[in-house]
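Structural overview
Residues per chain are reported as follows:
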Amino acid sequence: MGAGSPDGMCAEAMHGFSAAAGPMPSAVRSRIARSCLDPLHGALSLPFTSPAYRALQTRVAALLRTLLAVPEDIDILFMAGGASAQFALVPLNLLRAQDYALYLYSGHWSRRTITEAGRYGRIIEVAASAVCRTEAADAAYCHYTSNETADGLQFHAPPDTVAPLVADMTSDLLSAPVDWPRYALVYAGTQKTLGVPGMCVVFVRRTLLGRAHPATPRVMDYGALSVADSRLSTPPVFAMHAALCMLEWLAGEGGVATMQTRQQLRAQRVYAEIDRAASPYRCLQPVAWRSHVNPCFMLPNATMLSDFLDASRTAGLDGLEGHSDVGGVRVSLYNGLDDLAVDALIRFMRDWAHARTSPST
Ligand code: PMP
């Protein structure tokens, strides 16, 4: 069965670099596959009303708390609706009628957040580059997208503002420690860093619970969800099981510090190829903002881009095309990626550049 087949199976030699779905280590995939075969308590059949499910959810929350050193005054909620639902739910749950919030614009996903949030509350948009010192003592919060997955731009430190921070960490949760005292709320869809699609983790300061706008659907009200331990409707049981497997794998690898070092080294290797003398690759982001998760780069013209992408697929590297709004090439270095994939990519980038830019003999 080849890559892209209807049942989603891929040839063994393919390395996946798509930004949309984080790769899972083979040990994690095997564990999930084995669990799916258990007809009663497996990942596909576990009733959410059972003690076993409650134990599973408690274990996932405990692992997140330990791995990210989440303090007790921050609650951990599990929700459906993807990270995009939070674009609306954050203002619905946190912004009172008289409040306003700052939203930092830094690229594709912050643009989408700003557009959606503006439908539910009073917001002020600020360019990310202007936030070196954004005094906003009376803002309810300041929202930013810690890693712009489409643009290859990342905040390597939280923005410098006195407002409590709200962050979309969908593409970089668990790849760096979080400075919790600065945060009101952090959210992340699970599909890139925590397993499979279908769930969003929300870390929210307990003092902010219970202030949702009256029109907020009850199943999306952070306060009501907290009281019900995230079980106001059937939770995404399969995604919860996948998260457990990913988190236990991550803990066994050495935790967030190991992931951070590994990702930085991998990103350095990719940027070294981009920056190599006479390289045809061009990174559009300023060096200080370059993403360690999704390095993006351009090629001189459309013909070279299409040749690069075709040749990469032939070389067994899948999913390197840039986001549809941005173009170019995008590499995704999520935690579950295998070292062999990074080695294969670096080799390919070097060989392709050499073959296309050396004068023919
Ligand atoms: N925020 C960021 C930073 C993302 O990268 C994505 C998905 N690529 C989203 C939000 C949207 O996530 P979802 O599809 O789970 O709504």
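Above this text is the structure in question.
Per chain, residue numbering runs from 1 following the sequence as it is written. Per-residue local features of the predicted model are confined to residues with pLDDT of at least 70, and side-chain atom pairs are confined, for both listing and counting, to 80 or more; whole-chain, interface and lining totals are unaffected and use all residues. In computing side-chain properties, one takes all heavy atoms of the structure into account and sets aside hydrogens as well as water.

1. Things to note about the overall build of the chain
Applicable threshold: The secondary structure listing takes helices from DSSP runs of H or I that are at least 4 residues long and strands from runs of E that are at least 2 residues long, numbered from the N terminus. A simple rule labels every residue: compare its accessible area, found with a 1.4 Å probe on the protein chains alone, to the largest value its type can have, and call it buried under 20%, exposed over 50%, or partly exposed in between. Contacts are assigned to residue pairs that have any heavy atoms within 4.5 Å of one another. With residues, only the protein chains shown are counted as cover, and all accessible areas are computed by Shrake-Rupley using a 1.4 Å probe. Working convention for charge: Lys and Arg count positive, Asp and Glu count negative, and His plus the chain ends are omitted. Every charge is mapped onto a representative atom, which is NZ of Lys, CZ of Arg, CG of Asp or CD of Glu.
The helix and strand tally for the chain stands at nine helices and 13 strands. Every one of the 361 residues in the chain was classed for burial, and the buried ones make up 53%. Long-range pairs, those at least 24 residues apart, make up 67% of the contacts in the chain with a sequence separation of at least 6. A total of about 15800 Å² of accessible surface is found on the chain, and carbon and sulfur atoms cover 57% of it. Looking at the chain, you have 30 positive and 32 negative side-chain charges, and the mean spots of the two groups are 2 Å apart.

2. Points about the pairing of strand β10 (residues 200-205)
As a reminder, the rule being used: Paired strands, as defined in this entry, are two strands with at least two bridges between them according to DSSP.
For β10, the buried fraction is high: six of the six residues fall into the buried class. Of the pairings in the sheet, the one linking strand β2 (residues 74-79) to β10 comprises six bridges and is antiparallel in character. Within β10, the residue paired with methionine 79 across the bridge is cysteine 200. Pairing geometry for strand β9 (residues 183-189) and β10, over five bridges, is antiparallel. Pairing of valine 186 across the sheet is with phenylalanine 203, part of β10.

3. Remarks on the site of the ligand
Short version of the rule: Any residue with a non-hydrogen atom lying within 4 Å of a molecule or strand is treated as near it. Think of a polar contact as two N or O atoms within 3.5 Å of one another; within protein, one of them needs to be a possible hydrogen donor and the other a possible acceptor, and neighboring residues in sequence only count if both atoms come from side chains. Polarity classes work like this: nonpolar for Ala, Val, Leu, Ile, Met, Phe, Trp, Tyr, Cys and Pro, charged for Asp, Glu, Lys and Arg, and polar for all others, with Gly in that last group.
Residues in contact with the ligand, as listed here, are Gly82, Ala83, Ser84, Phe87, Trp109, Thr145, Asn147, Thr149, Asp168, Thr170, Gln191 and Lys192. Side-chain polar atom of aspartate 168 to a nitrogen atom of the ligand: 2.6 Å apart, as the coordinates give it. With respect to the ligand, the side chain of lysine 192 contributes an N or O atom lying 2.9 Å from a nitrogen atom. For the ligand, whose unbound accessible area comes to 400 Å², protein coverage reaches 84%. Counting residues per element, the shell around the ligand draws most heavily on helix α3 (residues 82-94), at four residues. Within the shell around the ligand, the residues separate by chemical class into three nonpolar, seven polar and two charged.

4. Focus on the side chain of asparagine 294
Secondary-structure assignment places asparagine 294 in the loop between α7 (256-275) and β11 (296-297). A distance of 2.9 Å separates polar atoms of two side chains, one belonging to asparagine 294 and the other to serine 332. If near-sequence neighbours (up to four positions away) are discounted, asparagine 294 is found in contact with Ala19, Asn147, Thr149, Gly152, Ser171, Arg330, Val331, Ser332 and Tyr334.

5. Observations regarding the sheet that holds strand β5 (residues 142-145)
The following threshold applies: To get an axis, fit a line to the C-alpha atoms, keeping to the stretch in contact for a helix; angles then go from 0 to 180 degrees between the N-to-C directions.
Strand order in the open sheet made by the seven strands is β2-β10-β9-β8-β5-β3-β4, with mixed pairing throughout. Since the sheet does not close on itself, it has two edges, and those belong to β2 and β4 (123-127), each with one partner. Strand-to-strand twist in this sheet, taken as the mean axis angle between neighbours without regard to direction, amounts to 20°. As judged from the two bridges shared by strand β3 (residues 101-105) and β5, these two strands associate in the parallel manner. Directly across from tyrosine 103, in β5, lies its bridge partner histidine 143. Contacting β2, β3, β8 (165-168), β9 and β10, α3 crosses the sheet at an angle of about 155° to β9.

6. Points about the layout of surface pockets
Threshold: Method remark: on a 1 Å grid restricted to protein atoms, a set of points is classed as a cavity if a 1.4 Å probe fits but cannot get out and as a pocket if it is open with protein on both sides within 12 Å along at least five of seven lines; lining residues have an atom within 4 Å of a point. Grid points are joined across faces, edges and corners, and a volume is the space filled by probe spheres set on the points.
Taken as a whole, the second largest pocket spans an internal volume of roughly 340 Å³. Forming the boundary of the second largest pocket are 19 residues, of which Phe155, His156, Ala157, Ala176 and Pro177 lie nearest the centre. Here the lining of the second largest pocket gets three residues from one element, more than from any other, and that element is α7. Class assignment of the residues belonging to the lining of the second largest pocket gives a composition of nine nonpolar, eight polar and two charged.

7. Considerations on the packing of helix α6 (residues 237-253) against α7
When two helices pack together, their arrangement is given by the angle between the helix axes and the distance between those axes. Test applied: Under this scheme an angle from 65 to 115 degrees is roughly perpendicular, one under 35 degrees roughly parallel, and one over 145 degrees roughly antiparallel; angles in between are oblique.
Two elements in contact, α6 and α7, have axes separated by 7 Å at closest approach and are oriented at 80°. Compared by their axis directions, α6 and α7 come out roughly perpendicular. Of the residues in α7, those touching α6 at Trp249, Leu250 and Glu253 are Val256, Thr258, Met259 and Arg262. Of the residues contributing to the contact of α6 with α7, the split by class is four nonpolar, one polar and two charged.

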